[in-house]
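Each chain, letter by letter, is given below.
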Number of protein chains: 4
Amino acid sequence: MNSFGRIFRINIFGESHGTLVGVCIDGCCRGIELGENDFLCDIQRRKSGKRGTTLRAEDDIPEIVSGVFNGFTTGAPITILFKNKNVNSDNYLQFKTQPRPSHSDFVAAKKFDGFNDYRGSGHFSGRLTLPLVAAGVIAKKIVSDIKINANIINVGNENDINETIEKAIADGDSAGGIIECVAKNIPIGLGEPFFDSVESQIAHLAFSIPAVKGIEFGAGFSAANMRGSQHNDMIINEYGKTATNNAGGVVGGITNGNDLIFRIAVKPAASIAKQQKTFNFEHKKISDLKIFGKHDACIALRIPVVVEAITAIALADFILLKK
Amino acid sequence: MNSFGRIFRINIFGESHGTLVGVCIDGCCRGIELGENDFLCDIQRRKSGKRGTTLRAEDDIPEIVSGVFNGFTTGAPITILFKNKNVNSDNYLQFKTQPRPSHSDFVAAKKFDGFNDYRGSGHFSGRLTLPLVAAGVIAKKIVSDIKINANIINVGNENDINETIEKAIADGDSAGGIIECVAKNIPIGLGEPFFDSVESQIAHLAFSIPAVKGIEFGAGFSAANMRGSQHNDMIINEYGKTATNNAGGVVGGITNGNDLIFRIAVKPAASIAKQQKTFNFEHKKISDLKIFGKHDACIALRIPVVVEAITAIALADFILLKK
Amino acid sequence: MNSFGRIFRINIFGESHGTLVGVCIDGCCRGIELGENDFLCDIQRRKSGKRGTTLRAEDDIPEIVSGVFNGFTTGAPITILFKNKNVNSDNYLQFKTQPRPSHSDFVAAKKFDGFNDYRGSGHFSGRLTLPLVAAGVIAKKIVSDIKINANIINVGNENDINETIEKAIADGDSAGGIIECVAKNIPIGLGEPFFDSVESQIAHLAFSIPAVKGIEFGAGFSAANMRGSQHNDMIINEYGKTATNNAGGVVGGITNGNDLIFRIAVKPAASIAKQQKTFNFEHKKISDLKIFGKHDACIALRIPVVVEAITAIALADFILLKK
Amino acid sequence: MNSFGRIFRINIFGESHGTLVGVCIDGCCRGIELGENDFLCDIQRRKSGKRGTTLRAEDDIPEIVSGVFNGFTTGAPITILFKNKNVNSDNYLQFKTQPRPSHSDFVAAKKFDGFNDYRGSGHFSGRLTLPLVAAGVIAKKIVSDIKINANIINVGNENDINETIEKAIADGDSAGGIIECVAKNIPIGLGEPFFDSVESQIAHLAFSIPAVKGIEFGAGFSAANMRGSQHNDMIINEYGKTATNNAGGVVGGITNGNDLIFRIAVKPAASIAKQQKTFNFEHKKISDLKIFGKHDACIALRIPVVVEAITAIALADFILLKK
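Before going into details, it helps to say that this report is about the structure given with it. (Residues numbered from 1 in each chain as written. Chains lettered and ligands numbered in written order. Predicted model: local features only at pLDDT ≥ 70, side-chain atom pairs only at ≥ 80, totals over all residues. Heavy atoms only, no water.)

### Thoughts on the packing of helix α6 (residues 198-206) of chain B against helix α8 (residues 304-322) of chain B
Residue and element names in this part refer to chain B.
(1) Moving on: Orientation of α6 relative to α8, taken along the N-to-C sense of each, is 140°, at an axis distance of 9 Å. In terms of orientation, α6 and α8 fall into the oblique class. For the crossing formed where α6 meets α8, the hand is right-handed. Here α6 contributes V198, Q201, I202, L205 and A206 to the contact with α8, which in turn contributes I310, T311, I313, A314, D317 and F318.
(2) Moving on: Its residues assigned to classes, the contact of α6 with α8 shows eight nonpolar, two polar and one charged. (Axes fitted to C-alpha atoms, helices over the stretch in contact; angles between N-to-C directions. Helix = DSSP H or I, 4+ residues; strand = E, 2+ residues; numbered from the N terminus. Parallel < 35°, antiparallel > 145°, perpendicular 65-115°, else oblique. Left-handed = near helix turned anticlockwise from the far one by under 90°. Contact = heavy atoms within 4.5 Å. Nonpolar A, V, L, I, M, F, W, Y, C, P; charged D, E, K, R; others polar.)

Okay, here's the thing in C-alpha cells:
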C-alpha cells in the first residue's frame, strides 16, 4: 500500500508535521555513485518559495542512513530521511469539526476512526512527494540513458501562467494546471502484459500524487475523436520510428522506441484563503469556513519534478525486470 | 505481471488463437453462490456481433473447473476457462514482415524475440478481456451493494453514434469513443494510501484494457481549468454528501461516499480495412498494407462491460482489505 | 496464497476430485523448448502404483493450454492442466462428522465454514503436488546447469526400506521417512537478504508439500551440538570451495558455490486402514473410526521428485532475479 | 526481499556499523496504544552483555518517527529507528582478503561485487534482528490473546548450559543451541493454502534469522520414524483438542487450535577467538586466521525473543488476513 515496484521497490513513510518523512528503496543495484548532493537539484525544483507556492520553509536536507557505503550503493536497502522543521500545527484542529471541502480531512478521519495524524494532513500531505522525488533521483541514475522532462503546459487554461496565478492569489483562490512529461531515448520492449503495461504503472504512480485527477498518453482523450486511419502511426524505419506519435510511445502497453509522452491534470488546491461554506459536524449544519495557514495557490507548479520522479521509478523497475 | 490484486487476486492467461483463455482467482471468499449462468449476461454484453464489431463468432461458454463445489465458492482458487473455437489464423503471418501501425505486432515480436504467439495477437488480444469480464462477475457479487454502470457517452465526438459507426464502416475505417462509468452506493473509506488510491488501482486496471489511452476522475482534465472555489465540493450533510461532485467520489485517494465517476478514452482500433502505408521489414521500405480478416470498427462498443468488470475487481479488493 | 515467486511465479489450482488440477506460471522466459513429453519422466516418478502407494490410477497426462507456441515458450503465462479421472468420492462424507486425526478434514471445514470441497481432501490433497512437479520440470530447464537430486534416505528409521513398508502395509498402518536433496553446480550469490534467503524460500515451498514437518540445511539440527571450530567450513580455494560442508552450501542465506544440501522430514500419512479412535461430532463423543478407500502407506516414497521440483522453482526464481 | 508479509508488512533496513538500523511496518491497524516503553522489555531480552554474548554495548533506544500520534498507531506506516553508537570497524578490513569460514564475508563480497558494507557484516549482521524484535512487539499487540514463549532447550547438546558456555569461552570457541517456541491460545483456521501454510510462513521468517539451520514442527524429524497409528493425534472434543500434539498445532498447514510448537536449530557462531585456517585470497593459499573484536560465544542465547517476534509477525499477518 505504501510501497510500489517489483524489483526497484520504494516504501514511503512519515507525516507532514511529524518527526520526518522518508523513503526506503529495496532492490536498487549495487555500485551506483550516490551522495547527498545528487538530490539537491530535484529537491530545489520541488521546493516551495516561488510565487504561488506555500511559505512553509523547509531546508529539505536529505540524510542517507542506509544502503550507501564509501559513496556507492551497496545493494542493501537505501533509506533517506528528511526532518520536518518548519511546522505549525495550530490551524488544523478546526478541520476535525469542519473538514475542508475536497480535502482528505473527512475521509482520513472516517477511514482511520479519528486516529490519523491530522496535522498538516499527516500522511496524506503533499510533503510525501519529497521522498518520492528522492527515489526519483536514484531511479534516474538507473535509467540514465533516458532523458525525462516534465513541464507545466498551462495553468487554468491560460497561456500567461504568471498572470493567472497572480489573479488567483489576489482572489484568495487557487488554480489547476496541466503537466506534460516527455521521455526520450527509451528502449523498445519495456512494459509487461497483461496488467503491468507502461501506461498502467505510470498511471498507478501518477494518481498517488495528491491533486492528480487525470492522465492521458499520446493523443489521449482526443484519440477518442479520431478515425483509425488518422490515429495510426505509420512505422517509417526498421527501428520502429513512427511518422506521428499518437500512441505516445506505447503500443499494446509496451514501449515502441518513440518518445514516451503523457499529460496529467492537476486540480486546483483545496485549501484556499477565500471564505467557503461547508458542513460543520459539531453544529450539524452548513456554515462558513475560513482557512488560515500556508498553502499553495498553484500546487501544479511544484509537481513537474514529481512527475519526472514517478516516470523514472516506473521505468527503472521495467529496466531492471527486463535485465 | 499477469496477476493483479492483494486479496482478491486475478491471474489471466491464454492466447487469442490458442486452446483457450482463462482466469484463476485467488482470495475469493467462500460461500458465494456461483454457477455458469451467472456469467451469461455480462459475457453477452461483451460479445461481438453487433453492428460495428468483429464477425468472429465465439460461443464464450464459461467452464468453472476449480473453486466451486455444490454451487458455492469454496475459498480455494476459482478457475474459469473459455475455449477458443472460431479461429482463423491465415492472415497473421504477413504482420511478422509488415507489422500493423499502432498495433502490438512490432513490440511483441521485439520484446519476445519472435517467440510470441502472433496469431490473432496472441496474449495481447482483446480476447483476454473475456476472462476479465468473468472475474468482474464474481467481483460484482462481492461488492453487491454497489451498483456499477458503464456506458459509451460518445463515439468519434459525435452524438449520433450509429451514424458515425456506419460512416466508419463504409470507409473501411474505425472510430474511437469515450466510456463513462458510475458506481453508486460506495462506502466511505475505500482506497489505501500512499500508492493504492482508488484512482491508482482503477487506472492501473483500465490501462490493461487494450486501446485505452486516457482516464479521468470527476471533473478530470477540466479541473485543470478551474479555480479552487469552483472545484471544491461543499459537504452538505453528516454522511459526507457533497453539493457537487467534481472529485468523482474520490478525495485524497479515498472514497468519500459520493458516486464514483470516471471516464476513459478508447482509441480507434488499429486494424482497419482501408489501405495504409507502413514499413515492410523484409523489403526494408515503406509500402502499402492491406489488412484482411475480422476486426472491430468500433472496439469501444464492447468495452463498457469490461470497464464495469475492472471497477468491480478494484472495489472488491478494497472491500476485502477493509474487512 | 496459492501463488509463489517473484519473477518465476507459479499459481496452483484445482481439487483432488474436481474437474482438474493445474498450474499457471507467470514470468517464465521466452524461447525454452517445451512439449508434453518433457513432463513424463518426473510425472512418472511421482505416480502412485509402486508398492506402498495408493491404488488410485490416474494417467496424469499434461495439457499445455497456454504460453507455448510452435514448441517453445512465448513469454506469456504457461498453463498446464491435468484432468482428474479415477475419482471415487463415496468414502469422504463420513469425515464431515468424524474428521480423520491429523488430517485436514477438521481445519478445512472450520476455516471455510463447511463450503470446502471435502472429496479426496479437495484443495488440500497431495494431488496438488502434481502441478508442482510440472512447474518443477520447467524450472529445471531454467536452471539447467544445476543438477538436483532428491532421495529417500530412510523410512521409519530403518535401513531396509522395503521391509519397513511391507510391515506397515501388513499392519494397516503407514510409515514416515526422510528425504535428502542435493543440488550440484550452483552459482555463488543466489539468495536475497534479509527475508529471502535460500533457506527461507526453499523451506517456504517445502512446507507447502503435505506431510512435511521439518527441514534442515547442511549439518542442520546436529549443528546445535557442535562447536564453532568443528562446524566452520574452511575455505580451500579461490572459488570458495570448502573442506567440509556443514553449511549445506548456504552461508548468510546466500549460496557459496558448494553443494546445496538439505533434508526434510515426512510424517506417516494420516489415512490408515487400521482402526482408530477419534471424536465424532454428530454423537459428540470419541468413537471408532475405520478409513476405507485408496491411500498411501508411505507417502514419502512419492515426494523426492516433488522436493526436486520445489528446489528448482526456488532456484529458478533466484537465477532470474540475479539476471 | 527486505520486506515480508501481506497485510502486516515489515521492511528492514540498515547496517551494523552504519548510521542506524530500523524497520518500517505497513498495514498495522490504527488505534493500538504504542510508546517507546513498550519495546524495552523485549529489547532487553535480546541485548548482549550476558555471559556468553558480545561486549558491544548499545543502548538500543527505539525512536518512533512515523505512524504514531498521541500515543496510538494511526494506520500509516510505523517507522522505528535504532542508532548505532558503539561501533568499532577496525578489525573488519582483514576479512576482505581472508573471509571468515562459514561467515557471510565471502558470499556478500561476491554477490555485491565488493560494494557491500563489510563493517560488522553490514546488512548481514545479527544486529538486524533488533528491528525484527521491534516489529514483534507490535505484532504481539495485534495477537494479544495468543501467548508466545520461546526458550533455549539445550546448548551443545548439554543440560548444564552455563557450564557448556564457560567451556566454550575458555577454549575461545562458540556453541550452538536449540530453541523451542510454544504459542498458546491460537484460533483455529490460521494459515492459507497452498503456499502460505503456518509452517511455511514461520519457517520463511525463521531462516531469515542469522545462524538458524533447521526447523521442525511438533514431532518434527522424529515423525519420520513413527507409524501413522502412533503419530496421529486423536481429537477428543468438539473444539478440536487432541490427546497428543505430534502435529505441533498445525494440520494441513492450518492451525487446529492446539498449541503451536516448533523448534529451531542454531549453529555455533562463526566468529571465534580460537585460531583457524582458511583461504587467504591475497596470498592465494590457506593460512592462519585469528579473529579479534567482540563476538558472541553462544548467539543462541540472544535468539529466543527473536523467535517470539517472528512468530508474532507471522500470526499477526494471518489474523489480519482472516479478518
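### Notes on the relation of the copies chain A and chain D
(1) Moving on: Superposition of chain A onto chain D requires a rotation of 180° combined with a translation of 0.0 Å along the rotation axis, giving an RMSD of 0.0 Å. These values place the two chain copies in the arrangement generated by a two-fold rotation axis.
(2) Moving on: The fraction of interface residues of chain A whose copies in chain D are also interface residues reaches 100%, indicating that both copies meet through the same surface. (Least-squares fit on C-alpha atoms with pLDDT ≥ 70 in both.)

### Concerning unusual backbone geometry
All names here are of chain A.
(1) Moving on: F194 follows P193 through a cis peptide bond whose omega is 0°.
(2) Moving on: Here F194 shows up in the loop between β9 (177-184) and α6 (198-206).
(3) Moving on: Located in the positive-phi region is S102, a residue other than glycine, with phi close to 60°.
(4) Moving on: Position of S102 relative to the elements: it lies in the loop between α2 (94-97) and α3 (105-111).
(5) Moving on: Using a relative accessible area of 8% as the deciding quantity, one classes S102 as buried. (Buried < 20%, exposed > 50% of the residue type's maximum accessible area, 1.4 Å probe, protein only.)

### Some words on the side chain of A:S125
Residues and elements named next belong to chain A.
(1) Moving on: Its place among the elements puts S125 in the loop between α3 and α4 (129-142).
(2) Moving on: On the accessibility criterion, S125 (10% relative accessible area) is buried.
(3) Moving on: Of the polar contacts made by the side chain of S125, one reaches the side chain of S16; its length is 3.4 Å.
(4) Moving on: S125 has contacts with S16, G120 and P210, leaving out every residue within four places of it along the chain. (Polar contact = N/O pair within 3.5 Å; in protein donor to acceptor, adjacent residues only side chain to side chain.)

### A closer look at the relation of the copies chain D and chain C
(1) Moving on: Least-squares fitting of chain D to chain C yields an RMSD of 0.0 Å, with the transformation described by 0.0 Å of translation along the axis and a rotation of 180°.
(2) Moving on: The fraction of interface residues of chain D whose copies in chain C are also interface residues reaches 100%, indicating that both copies meet through the same surface.

### Topic: the packing of aromatic side chains
(1) Moving on: Summed over all chains, the structure comprises 42 aromatic pairs over all chains.
(2) Moving on: Seen from their ring centres, C:Y92 and C:F95 are 5.7 Å apart, and the 80° between their planes marks the pair as edge-to-face. Across the pair, C:F95 and C:Y92 agree in class, each one buried.
(3) Moving on: Ring geometry for C:F217 versus C:F262: centroids 5.5 Å apart, planes at 35°, classification tilted. In this pair, C:F217 sits in strand β10 (residues 212-217) while C:F262 sits in strand β13 (residues 260-266), placing the two residues 45 residues apart along the sequence.
(4) Moving on: For C:F262, a relative accessible area of 1% corresponds to the buried category.
(5) Moving on: Taken together, the aromatic side chains of A:F4, B:F194 and B:F195 make up a single cluster linked through ring pairs.
(6) Moving on: Against the face of B:F112 rests B:K111, its NZ or CZ located 5.9 Å from the ring centre. (Phe/Tyr/Trp six-rings, centres within 6.5 Å; stacked < 30°, edge-to-face > 60°. Lys NZ or Arg CZ within 6 Å of the ring centre and 35° of its normal.)

### Some remarks on the packing of helix α4 (residues 129-142) of chain B against α8(B)
All names here are of chain B.
(1) Moving on: In contact at an axis separation of 7 Å, α4 and α8 are set at 45° when each is read in the N-to-C sense. With respect to α8, the element α4 is oriented oblique. Taken as a pair, α4 and α8 cross one another with a handedness that is left-handed. Across the interface between the two elements, T129, L132, V133, A135, G136, A139, K140 and I142 of α4 pack against V305, V306, E308, A309, I310, A312, I313, A316 and L320 of α8.

### A word on the interface of chain A and chain D
(1) Moving on: In this assembly, 38 residues from chain A lie in contact with 39 residues from chain D.
(2) Moving on: Across the chain A/chain D interface, buried area totals approximately 2,900 Å², and carbon plus sulfur atoms make up 63% of it.
(3) Moving on: A per-residue breakdown of the area chain A buries against chain D is headed by A:R30, A:F69 and A:F115, which together make up 22% of the total.
(4) Moving on: The partner of D:D113 in a salt bridge is A:R30, with the nearest N and O atoms 2.1 Å apart.
(5) Moving on: Of all the elements in the fold, those that place two or more residues in the side of chain A that touches chain D are β2 (9-14), β3 (20-26), β4 (63-66), β6 (72-73) and β7 (78-83) of chain A.
(6) Moving on: Looking at the side of chain A that touches chain D, the element that brings in the most residues is β2(A), giving five residues.
(7) Moving on: Among the residues forming the side of chain A that touches chain D, the class breakdown is 15 nonpolar, 15 polar and eight charged. (Buried area = accessible area lost by both parts, 1.4 Å probe. Salt bridge = Lys/Arg side-chain N within 4 Å of Asp/Glu carboxyl O.)

### A closer look at helix α5 (residues 161-170) of chain C
Residues and elements named next belong to chain C.
(1) Moving on: For α5, the set of buried residues is T164, I165 and A168. Projection of α5 onto a plane perpendicular to its axis shows the buried side chains occupying an angular sector of 95°, all on one side. Turned more than 90 degrees from where α5 packs its buried face, N162 and A170 sit exposed.
(2) Moving on: In this structure D160 caps α5, since a side-chain oxygen of it lies 3.2 Å from the backbone nitrogen of N162.
(3) Moving on: Of the residues trailing α5, G172 is marked for its positive phi of about 65°. (Arc of directions from axis to C-beta.)

### Details of the sheet that holds strand β1 (residues 3-4) of chain B
Strand pairing in a sheet relies on backbone hydrogen bonds, with the paired strands running either antiparallel or parallel.
Residue and element names in this part refer to chain B.
(1) Moving on: Strand order across the open sheet formed by five strands is β1-β2-β3-β7-β4, with antiparallel pairing between neighbours. Looking at the sheet topology across the chains shown, the edges are occupied by β1 and β4 (63-66).
(2) Moving on: With two bridges joining them, β1 and strand β2 (residues 9-14) adopt antiparallel strand pairing. Residue pairing for β2: F4 is matched across the bridge by I10. (Pairing = 2+ DSSP bridges.)

### Some points on the pairing of strand β2 (residues 9-14) of chain C
All names here are of chain C.
(1) Moving on: Buried residues dominate β2, accounting for six of its six residues.
(2) Moving on: Side chains R9, N11 and F13 project from β2 onto one buried face, and the interleaved I10, I12 and G14 project onto a second face that is buried too.
(3) Moving on: Linking strand β1 (residues 3-4) back to β2 in an antiparallel pair, the connection comprises four residues, with G5 at a positive phi of about 115°.
(4) Moving on: As paired strands, β2 and strand β3 (residues 20-26) are joined by six bridges and run antiparallel to one another. Counted as the bridge partner of G14 is V21 from β3.
(5) Moving on: Hairpin connection from β2 to β3: five residues lie between these consecutive antiparallel strands.

### Quick look at the sheet that holds strand β4 (residues 63-66) of chain C
Residue and element names in this part refer to chain C.
(1) Moving on: Pairing within the open sheet is antiparallel, and its five strands lie in the order β1-β2-β3-β7-β4. With one partner strand each, in any of the chains shown, β1 and β4 form the two edges of the open sheet.
(2) Moving on: Taken together, the three bridges between β4 and strand β7 (residues 78-83) define a ladder with antiparallel strand orientation. Directly across from I64, in β7, lies its bridge partner I80.

### Some remarks on the interface of chain D and chain C
(1) Moving on: At the interface, 101 residues of chain D touch 101 residues of chain C.
(2) Moving on: For the pair chain D and chain C, the summed buried area comes to about 8,100 Å², and 64% of that belongs to carbon and sulfur atoms.
(3) Moving on: Contact with chain C buries surface across chain D, with D:M1, D:F194 and D:F195 losing the most and accounting together for 11% of the total.
(4) Moving on: Where chain D meets chain C, there are eight salt bridges.

### Remarks on the environment of A:V155
(1) Moving on: With respect to the helices and strands, the residue A:V155 is situated in strand β8 (residues 147-155).
(2) Moving on: Placed 143 residues apart in sequence, A:V155 and A:C298 show a C-alpha to C-alpha distance of 8.3 Å.
(3) Moving on: Apart from residues no more than four positions distant in its own chain, A:V155 is found in contact with A:I161, A:T164, A:I165, A:A175, A:G176, A:G177, A:C298 and B:A224.

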